[in-house]
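Structure assessment
Spelled out from the first residue to the last, the chains are:
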Amino acid sequence: MQDKFQTMSDQIIGRNILLHIDDRLFKNDFVLILILDEMSTRIDDLEKNISDLMTQAGVDELEEEIKVSETSGTA
């Protein structure tokens, strides 16, 4: 009888450990998703800022002029 209780106790402890591990993995996944989402937002902002700076510097116009001259054969 004592062996049966010991086995049941071990199973309960094992399940509790697995539930604890599963809970921690879920929390870690959630944190990772939040971090990746924040990184994505920062990258989007950086790309927009670079685009704005290129526009302010006239790089877009310069690139368009280069494309036009290459297609017309005057490059």
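Read on for an overview of the structure.

When you go through the protein residue by residue, the secondary structure sums to 2 helices and 0 strands. Against the 2.2 N^0.38 benchmark of 11 Å for 75 residues, the protein shows a C-alpha radius of gyration of 30 Å, more extended than a compact globule. Every one of the 75 residues in the protein was classed for burial, and the buried ones make up 0%. Here the protein displays about 7100 Å² of accessible surface, and carbon together with sulfur accounts for 61% of that area.

Once that is clear, we can look at the environment of lysine 27. Following the sequence through the fold, lysine 27 ends up in helix H1 (residues 2–57). Residue classification places lysine 27 among the partly exposed residues on the basis of a relative accessible area of 49%. Separated by 13 residues in the primary sequence, lysine 27 and serine 40 have C-alpha atoms spaced 20 Å apart.

With that settled, the discussion passes to a negative patch on the surface. A surface patch of like charges, here negative, comprises Glu61, Glu63, Glu64 and Glu65. A residue is classified by how much of its surface remains accessible, and glutamate 65, at 53% relative accessible area, is exposed.

With the rule as written, the count across this model stands at 3 salt bridges. Across the salt bridge formed by aspartate 52 and lysine 48, the nearest N and O atoms sit 2.9 Å from each other. Of this pair, aspartate 52 and lysine 48 both sit in helix H1, 4 residues apart, roughly one helical turn. By relative accessible area, which is 32% here, aspartate 52 ends up partly exposed.

On the surface, Ile13, Ile17, Leu18, Ile21 and Leu25 cluster together into a nonpolar patch covering about 480 Å² of accessible area. Position of isoleucine 21 relative to the elements: it lies in helix H1. For isoleucine 21, a relative accessible area of 43% puts it in the partly exposed group.

In a regular helix each residue adds 1.5 Å, so 56 residues correspond to 82 Å; H1 covers 82 Å between its end C-alpha atoms and thus fits that length. Downstream of H1 by one or two residues, glycine 58 has phi in the positive range, about 80°.

Procedures and definitions
Residues numbered from 1 in each chain as written. Predicted model: local features only at pLDDT ≥ 70, side-chain atom pairs only at ≥ 80, totals over all residues. Heavy atoms only, no water. Helix = DSSP H or I, 4+ residues; strand = E, 2+ residues; numbered from the N terminus. Rg over C-alpha atoms; globule rule 2.2 N^0.38 Å. Buried < 20%, exposed > 50% of the residue type's maximum accessible area, 1.4 Å probe, protein only. Areas by Shrake-Rupley, 256 points an atom, 1.4 Å probe, with all protein chains shown as cover. Patch = residues over 30% accessible without salt bridge, like charges linked within 9 Å, V, L, I, M, F, W, Y side chains within 5 Å. Salt bridge = Lys/Arg side-chain N within 4 Å of Asp/Glu carboxyl O. Lys, Arg positive; Asp, Glu negative; His and termini not counted. Charge placed at Lys NZ, Arg CZ, Asp CG, Glu CD. Expected span 1.5 Å × (residues − 1).

Taken by themselves, the reported measurements are silent on function.
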